[in-house]
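Results of the structural survey
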Amino acid sequence: DTEVTQTPKHLVMGMTNKKSLKCEQHMGHRAMYWYKQKAKKPPELMFVYSYEKLSINESVPSRFSPECPNSSLLNLHLHALQPEDSALYLCASSLYRGSDANQPQHFGDGTRLSIL
Amino acid sequence: TQLLEQSPQFLSIQEGENLTVYCNSSSVFSSLQWYRQEPGEGPVLLVTVVTGGEVKKLKRLTFQFGDARKDSSLHITAAQPGDTGLYLCAGGSPGQNFVFGPGTRLSVLP
């Protein structure tokens, strides 16, 4: 079982809908990440939060809006998505943000999103 | 931007065979990590390697970090169907974003 919990596991939404993806971890990690993964491709970084502050936005369209209410929670708000946004959305956490050693990222099982 | 390449892209072998997959870069990484991802699940961390030349073993899996910290390999001994999955290497260095390689998709046939 993963220590990073994502809900929902599956989400189908129309292009005009508004929905949110949720991620939760209780490992005391202070860095949290959103990734997008298309079929047969590696995860692509979208956002990084460090100590509840947005530190990286990898030029993600504004129809994706991240939020970090506290150190354990990370949300991704979705609005007016396009069919090409259909993908597996992965949340990850690490002890703190950094590319140094011993900063492995722990992943949730993702939310599989389908846009009709 | 640091980039990681992985080879082979696909590998299909019979149960009991040995295999090695590779992760290469032209850049130096302060650490590299290996993950395995199964369909419908997130990547699961297998190992982190930090020191050039380091070798780590995890049951039938042996991981090596190159002396120059630009490459890594994963060797599996006596592969089993449960080893099937997407193997991803990932790494980073101070001031650089964490990056993933494109992955090696392994299929172990019974």
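This text gives an overview of the structure that appears in the document. No experiment lies behind these values; they were computed from the predicted model shown. (Residues numbered from 1 in each chain as written. Chains lettered and ligands numbered in written order. Predicted model: local features only at pLDDT ≥ 70, side-chain atom pairs only at ≥ 80, totals over all residues. Heavy atoms only, no water.)

Once that is clear, we can look at the sheet that holds strand 8 (residues 73-79) of chain A. Residues and elements named next belong to chain A. Strands sit in the order 1-3-8-7 across an open sheet of 4 strands; the sheet is antiparallel. Only two strands of the sheet have a single neighbouring strand rather than two, namely strand 1 (4-7) and strand 7 (64-70). For this sheet the average axis-to-axis angle between neighbouring strands, irrespective of direction, equals 20°. Pairing of strand 1 with strand 3 (residues 18-25), which is carried by 4 bridges, proceeds in the antiparallel orientation. In the strand pairing of strand 3, Val4 is matched with Gln25. (Pairing = 2+ DSSP bridges. Helix = DSSP H or I, 4+ residues; strand = E, 2+ residues; numbered from the N terminus. Axes fitted to C-alpha atoms, helices over the stretch in contact; angles between N-to-C directions.)

Right, let's talk about the state of the cysteines for a bit. Tallying each qualifying case throughout the model produces 2 disulfides over all chains. Two residues share a disulfide in this structure: Cys23(A) and Cys91(A), whose sulfurs sit 1.9 Å from each other. In this structure the cystine formed by Cys23(A) and Cys91(A) twists about its S-S bond by roughly -70°; its chirality is therefore left-handed. Here the residue Cys23(A) occupies a position in strand 3, and Cys91(A) occupies one in strand 9 (residues 87-94), the gap between them amounting to 68 residues. Residue pairing for Cys23(B): its cysteine sulfur links by disulfide to Cys89(B), the two sulfurs lying 2.0 Å apart. The sign of the S-S torsion, about 75°, decides the handedness of the disulfide formed by Cys23(B) and Cys89(B): right-handed. (Disulfide = S-S within 2.5 Å.)

On to a nonpolar patch on the surface. Residue and element names in this part refer to chain A. Taken together, the side chains of Tyr51, Leu95 and Tyr96 present a nonpolar region at the surface, about 300 Å² in accessible area. Along the chain, Leu95 falls in the loop between strand 9 and strand 10 (106-107). On the basis of relative accessible area, Leu95 is assigned to the partly exposed category, the value being 45%. (Patch = residues over 30% accessible without salt bridge, like charges linked within 9 Å, V, L, I, M, F, W, Y side chains within 5 Å. Areas by Shrake-Rupley, 256 points an atom, 1.4 Å probe, with all protein chains shown as cover. Salt bridge = Lys/Arg side-chain N within 4 Å of Asp/Glu carboxyl O. Buried < 20%, exposed > 50% of the residue type's maximum accessible area, 1.4 Å probe, protein only.)

Moving on to the packing of aromatic side chains. One pass over the structure, following the stated rule, counts 8 aromatic pairs over all chains. Seen in terms of ring centroids, Tyr35(A) and Phe100(B) are 5.7 Å apart; in terms of plane orientation they differ by 85°. Their pairing is edge-to-face. One end of the pair, Tyr35(A), is in strand 4 (residues 31-37); the other, Phe100(B), is in strand 10 (residues 99-100), on a second chain. The pair Tyr35(A) / Phe100(B) is uniform in exposure class, with both members buried. Judged by centre distance (5.7 Å) and plane angle (45°), the rings of Tyr35(B) and Phe100(B) are tilted. Residue Tyr35(B) is found in strand 4 (residues 31-37), and its partner Phe100(B) is found in strand 10; the two are separated by 65 residues along the sequence. The class for Tyr35(B) is buried, based on a relative accessible area of 0%. Among the aromatic side chains, those forming a connected cluster through ring pairs are Tyr33(A), Tyr35(A), Phe107(A), Tyr35(B) and Phe100(B). (Phe/Tyr/Trp six-rings, centres within 6.5 Å; stacked < 30°, edge-to-face > 60°.)

Here the focus is the pattern of salt bridges. All names here are of chain A. All told, the structure shown has 5 salt bridges over all chains when counted by the stated rule. For Asp85, the salt bridge goes to Arg63, with nearest N and O atoms at 2.7 Å. Note that Asp85 is positioned in the loop between strand 8 and strand 9 and Arg63 in the loop between strand 6 (53-57) and strand 7, a separation of 22 residues in sequence.

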